[in-house]
Amino acid sequence: MNAFTALVIGGSVGGLAAAHELRAVGAEVAVYERSVGKTSARGAGIVMQPEVEALLSRLGVPAQSVSVELHERQQLHRHGKATRYEAPQLMTAWDTLYRALREPLAGMCYRLDSTLTRVQVDGHDVTAEFSDGYTARGNFLVGADGIGSATRQLLDPASRPAYAGYVAWRGLEPESALPGNLLDLLSGRFTSFTSSGMQMLCYLVPGPNGEREEGSRRVNWVWYVNVPEPNLPKLLTSRSGKRFANFLPPGELLSETAAQVAHQANASLPPDFAELVRLSAVFMQPVLDLPPRRMTADHAALIGDAAGTVRPHTASGTSKAFGDAAGLATALQGWTPTQPLPATELENWEVQRLDRLLTLSEFGLELAERSTLGARVGSQFFKSD
């Protein structure tokens, strides 16, 4: 017999982690994802962190089996030889991790095209209503629906993301499509470059179906660049004229924007990184800040970016969501719908996770400031005339 029924809003990796953790404490779980089709990878590479590795291990999935192993870190320079040192690390990819979490949940209710529009609590039950008229009823609701969280907007409408002052240009390319000189430089290494107002990182991740063999992997890169906020709407405008809010997909850059990206890469990056940018189908995400305010409400909780963000330089966005999910499940362990909510346990969980979130947020700000990212003193790029 199930202890309680949990409705998880958001079917990305954080929502899947919540599903696994809640099922482990006896809950019946259903997941509701707003994407119409297969969920898309809005962040390509993921650094393997202990929270992620711990859940994979419980599922019988060794971290090495879903990762590319790196051996060194290297810092590139505009002129001169790269600086290198030994630094073993495992790197995975969003779609690889998604698959590892999704496959063991094949028999679970996972409903696409489910945009949350209303949450109502009535006694021991919580009801979720979706834009297509579908209604789901459970005993506890978990908002794991990211920075654009509909759950958070319903529970805490005053909490809204703010632009951090810089964007992340990204690329994810098959290594087989890149020249040998780039692969020789990048393979087996975490590669970076920093200058005023920008930072670029690059490493290899598994292929689209989890391939880890040489020649079948992908090269993942991210280029953080200061961009004045008034210029952001133009950069987020697609070829069809649609203006995106949080993510501009590959192939959607305006031709003028694509030319700007290539020009700026040539003018600012080491030659190898500039070549990599030119050869890539570039996509973009603005970096957004969502300060943490609350994580619990009546028969509901927020986890991951729905609760608050950390800067990407901490490499902990995914692991934070996994940690949130594990702690929430522990707080709800043993609870049944006929009992009052375990208020003390939930409060302790919220205090601990908000403290962790604040620590990571402050660390991320410090890392960004070291590269003058988002800082007024840093150089600005992609400005209109």
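Residues numbered from 1 in each chain as written. Predicted model: local features only at pLDDT ≥ 70, side-chain atom pairs only at ≥ 80, totals over all residues. Heavy atoms only, no water.

By the naming in an unreviewed UniProt entry, the protein chain is FAD-dependent monooxygenase, taken from Streptomyces sp. 900116325.

Novice: What's the story with the pairing of strand β13 (residues 198-205) in this structure? I'm lost.
Specialist: Sheet faces and side chains relate simply in a regular strand, where the side chains alternate between the two faces. Burial analysis of β13 places eight of its eight residues in the buried class, which makes it a mostly covered element. Side chains of β13 alternate between two faces, with M198, M200, C202 and L204 and Q199, L201, Y203 and V205 buried alike. The pairing of strand β12 (residues 189-195) with β13 spans five bridges and is classified as antiparallel. Bridge assignment links S195 to a residue of β13, and that residue is M198. Between β12 and the antiparallel strand that follows it, β13, lie two residues; G197 among them carries a positive phi value of about 80°. Summarising the sheet, β13 and strand β14 (residues 218-226) pair through eight bridges and their orientation is antiparallel. Directly across from Y203, in β14, lies its bridge partner N220. (Buried < 20%, exposed > 50% of the residue type's maximum accessible area, 1.4 Å probe, protein only. Helix = DSSP H or I, 4+ residues; strand = E, 2+ residues; numbered from the N terminus. Pairing = 2+ DSSP bridges.)

Novice: Mind showing me how you'd approach helix α10 (residues 343-370) here?
Specialist: An α-helical turn contains 3.6 residues, so a residue and the one three or four places further along point in the same direction. Across its 28 residues, α10 extends 40 Å between first and last C-alpha, which sits within 8% of the 40 Å expected from 1.5 Å per residue. Taken together, the buried positions of α10 are occupied by L346, W349, E350, R353, L354, L357, L360, S361, G364, L367 and A368. Here the buried face of α10 lies against β10 (140-143), β11 (162-174), β16 (296-297), β17 (300-302) and α9 (317-332). (Expected span 1.5 Å × (residues − 1). Contact = heavy atoms within 4.5 Å.)

Novice: I tried to follow the UniProt feature "domain: 2,6-dihydroxypyridine 3-monooxygenase substrate binding" (unreviewed entry) in the protein chain on my own but got confused; where do I start?
Specialist: Per the UniProt entry, the sites bearing "domain: 2,6-dihydroxypyridine 3-monooxygenase substrate binding" (unreviewed entry) are residues 163-286 in this numbering. Counted over residues 163-286, helix gives 27% and strand 32%. Its end C-alpha atoms are 7 Å apart. (UniProt positions renumbered as here; feature names shortened; annotations may be inferred.)

Novice: Looking at this structure, how should I read the sheet that holds β13?
Specialist: Paired through backbone hydrogen bonds, the strands of a sheet run either parallel or antiparallel to each other. Sheet architecture is open: eight strands sit in the order β3-β5-β4-β12-β13-β14-β11-β15, paired in mixed fashion. Two strands bound the open sheet, and with one partner strand each, they are β3 (45-47) and β15 (283-289). When strand polarity is set aside, the average angle formed by the axes of neighbouring strands in this sheet is 30°. (Axes fitted to C-alpha atoms, helices over the stretch in contact; angles between N-to-C directions.)

Novice: In this structure, what is going on with the nonpolar core? I would like to understand it.
Specialist: Side chains that are nonpolar tend, in soluble globular proteins, to be buried together. Counting 55 residues, the largest nonpolar core has W169, W221, W223, L269, F273, L276 and V277 as its most contacted members. The biggest single contributor to this core is β13, with seven residues. Aside from chain neighbours lying at most four places away, what touches W223 is V167, A168, W169, M198, Q199, M200, V261, Q264, A265, L269 and V277. If you look at the next biggest cluster of nonpolar residues, it comprises 53 residues, including V13, A18, A307 and W335. (Core = buried A, V, L, I, M, F, W, Y, C linked by side-chain atoms within 4.5 Å.)

Novice: I would appreciate a short explanation of the pattern of salt bridges in the present structure.
Specialist: Pairing of side chains with opposite charge becomes possible as their charged atoms draw close. Overall, the coordinates contain 12 salt bridges when judged by the stated rule. Between E21 and R58 there is a salt bridge whose closest N-O contact spans 2.8 Å. Taken together, the residues E21 in helix α1 (residues 13-24) and R58 in helix α2 (residues 50-58) connect sequence positions 37 residues apart. Under the relative-accessibility criterion, E21 is labelled buried at 9%. We note a salt bridge from D324 to R353, for which the minimum N-O separation is 2.7 Å. A residue pair is termed long-range when its members are at least 10 positions apart, and D324 in helix α9 and R353 in helix α10 qualify at 29 residues. No difference in accessibility class separates D324 from R353, as the two residues are buried. (Salt bridge = Lys/Arg side-chain N within 4 Å of Asp/Glu carboxyl O.)

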